[in-house]
Amino acid sequence: LPTTQFVYSLYVTRHEATVRFAELGTARASSKDVRKVAELLAKENRETGERITKLAAKEGVTLSRPARDTTEALLAHATRQLEGKSGAEFDSTFVMQAHAWLMTLAMDNGKNVLRPLPAGDLKRFGEAYGTFLFREMGETYKLKRKYEKK
């Protein structure tokens, strides 16, 4: 079963990685809409990661890089997709990658984190994380649809 330390560490790692990816959008997006979503992702994930870090400290949980986690590999893949792109091409690719990133995190959360957790506070915490991801996916989905039509 995933431990409290594993779950908190995983979520902090994923929030930090999402911030790093979103900051690429805030720095390089040419579209105001794309930059706005990137800023939202960076802000919300930074704040949520900080809250989880404080919660872990309050509960005496030491955070560490989770073993067997694919976050860095996923981030590297998403980042590589943006290399050499600018303007509308960057914006479109960023939106598609941001949406895919959030979907991957949500699916992994449901399958590999939530499923084995017993009922209780930690499971509710993981469910709240899933809700957070789905809400953010709603934002990226709107832009994804716009760029798919182009």
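Provided above is the structure to which this section pertains.
What comes next concerns the included structure. The model shown is predicted, which means the values in this text are computed figures rather than measured ones. (Residues numbered from 1 in each chain as written. Predicted model: local features only at pLDDT ≥ 70, side-chain atom pairs only at ≥ 80, totals over all residues. Heavy atoms only, no water.)

Before going further, it helps to examine the side chain of Asn109. Along the polypeptide, Asn109 turns up in helix H4 (residues 87-114). With near-sequence residues (within four places) excluded, Asn109 lies in contact with Tyr11, Leu114, Gly126, Tyr129 and Gly130. (Helix = DSSP H or I, 4+ residues; strand = E, 2+ residues; numbered from the N terminus. Contact = heavy atoms within 4.5 Å.)

For the structure on display, the rule yields eleven salt bridges. A salt bridge links Glu47 to Lys43; its shortest N-O distance comes to 3.0 Å. Remark: Lys43 and Glu47 occur in helix H2 (residues 32-58); sequence separation between them is four residues, near one turn of the helix. Taking the relative accessible area as the measure of exposure, Lys43 reaches 46% and is therefore partly exposed. Salt-bridge contacts for Arg124 lead to Asp121; the nearest nitrogen and oxygen are separated by 2.3 Å. Here the residue Arg124 and the residue Asp121 both occupy positions in helix H5 (residues 121-149), the gap between them amounting to three residues, near one helical turn. (Salt bridge = Lys/Arg side-chain N within 4 Å of Asp/Glu carboxyl O. Buried < 20%, exposed > 50% of the residue type's maximum accessible area, 1.4 Å probe, protein only.)

On to the nonpolar core, then. Ranked by internal contacts, the top residues of the largest apolar core, which has 38 residues, are Tyr11, Phe21, Val34, Phe94 and Leu133. Secondary structure elements with two or more residues in this core: helix H1 (4-28), H2, helix H3 (71-82), H4 and H5. Ranked by the residues each element gives to this core, the list is headed by H4, at ten residues. (Core = buried A, V, L, I, M, F, W, Y, C linked by side-chain atoms within 4.5 Å.)

Mapped onto the secondary structure, Ala78 falls in helix H3. Once the C-alpha coordinates of Ala78 and Arg28 are considered, the two residues, 50 residues apart in sequence, prove to be 15 Å apart. Look past the residues within four positions of Ala78 in its chain and what remains in contact with it is Phe21 and Gln97.

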